[in-house]
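# Fold and contact review
Below, each chain spelled out in residue letters.
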Amino acid sequence: RRGIDPFFRGAPHLVLAELLALARSAVAADFALILARTDPYTAEVLASDPPDVIPAGAGRPELIEAALADGEPFFGPVTSRRIPAYLRGCHAGLPLGAELAAVIGRRNGAPWDEQEHAFLGDLRGALAPTAQWAVALRQRAEHKKLLDAVVDTLDGGVLVVDNAGGSWINGPGARLLG
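Summary of the structure given here. Quick caveat, the model's predicted, so the values are computed rather than measured.

Our next topic: the overall build of the protein. Of the regular secondary structure elements, the protein holds five helices and eight strands. Helices and strands in the protein line up, N terminus first, as α-α-β-β-β-α-β-β-β-α-β-β-α. In terms of C-alpha radius of gyration, the protein reaches 20 Å, well past the compact-globule figure of 16 Å for 178 residues. Referenced to the eigenvectors of the C-alpha coordinate spread, the extents of the protein come out at roughly 70 × 35 × 30 Å.

Here it is as structure tokens:
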């Protein structure tokens, strides 16, 4: 076990993977994953156990619709033909945020008992902030790329100095300062 150290190194996806492995093992599930709906047709995989449950890294948002419908955990069968056959069965859907949910699934269709409901409800408390953190870090990285692209195309030089004494300069600014 790697422990919780990855959490402090800015790698929430490693913590999520550990929590999903724990959940999958504790409730004898075939798969566990966290999905973030990115548009009406796509749900991106943030973490999964096993790692390749959805090989392309993105699936259909129908997997998390039941969990997101009323913001309450969903426990029950999932048989929709819009979901790949290997992901059908009995699901526990745990809403983690506005467009974010965990899905723990059993392909054999075995129902969830009260102890499993309670365990997964408690686990939701650890998954939600960590998954939201992972989404926030991903959004921050995307925004940084966009800002870097804009600033790098400016004709004028830009020099930024933060409170800690760190600095950043764009290409034109570097040429001006030599």
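So, on to the packing of aromatic side chains. According to the stated counting rule, one finds zero aromatic pairs in the structure shown. Directly above the aromatic system of Trp-112 lies the positively charged group of Arg-106, at a separation of 3.9 Å from the ring centroid.

This next bit is on the packing of helix H2 (residues 12–26) against helix H4 (residues 114–152). The interhelical angle for the contact between H2 and H4, taken along N-to-C directions, is 160 degrees, at an axis separation of 9 Å. When the axis of H2 is compared with that of H4, the two are roughly antiparallel. When you trace H2 past H4, the crossing you get is left-handed. Between H2 and H4, the residues in contact are Pro-12, Val-15, Leu-16, Leu-19, Leu-20, Leu-22, Ala-23 and Ala-26 and Phe-119, Leu-120, Leu-123, Ala-126, Leu-127, Thr-130, Ala-131, Trp-133, Ala-134 and Leu-137, respectively. Here the contact of H2 with H4 is built from residues that sort into 17 nonpolar, one polar and no charged.

What follows deals with the nonpolar core. Formed by 26 residues in total, the largest nonpolar core has its most connected members in Ile-34, Leu-96, Ile-104, Trp-112, Leu-120 and Leu-127. Contributing elements (two or more residues each) for this core: H2, strand S1 (31–39), strand S2 (42–49), strand S5 (89–97), strand S6 (100–106) and H4. When neighbours within four sequence positions are excluded, Ile-104 is seen to be in contact with Val-27, Ala-29, Phe-31, Ala-32, Cys-90, His-91, Ala-92, Leu-94, Trp-112 and Leu-120. Of all hydrophobic cores here, the second largest spans 16 residues; its members include Ala-43, Ile-54, Leu-68 and Ala-101.

Conventions and cut-offs
- Residues numbered from 1 in each chain as written.
- Predicted model: local features only at pLDDT ≥ 70, side-chain atom pairs only at ≥ 80, totals over all residues.
- Heavy atoms only, no water.
- Helix = DSSP H or I, 4+ residues; strand = E, 2+ residues; numbered from the N terminus.
- Rg over C-alpha atoms; globule rule 2.2 N^0.38 Å.
- Phe/Tyr/Trp six-rings, centres within 6.5 Å; stacked < 30°, edge-to-face > 60°.
- Lys NZ or Arg CZ within 6 Å of the ring centre and 35° of its normal.
- Axes fitted to C-alpha atoms, helices over the stretch in contact; angles between N-to-C directions.
- Parallel < 35°, antiparallel > 145°, perpendicular 65-115°, else oblique.
- Left-handed = near helix turned anticlockwise from the far one by under 90°.
- Contact = heavy atoms within 4.5 Å.
- Nonpolar A, V, L, I, M, F, W, Y, C, P; charged D, E, K, R; others polar.
- Core = buried A, V, L, I, M, F, W, Y, C linked by side-chain atoms within 4.5 Å.
- Buried < 20%, exposed > 50% of the residue type's maximum accessible area, 1.4 Å probe, protein only.

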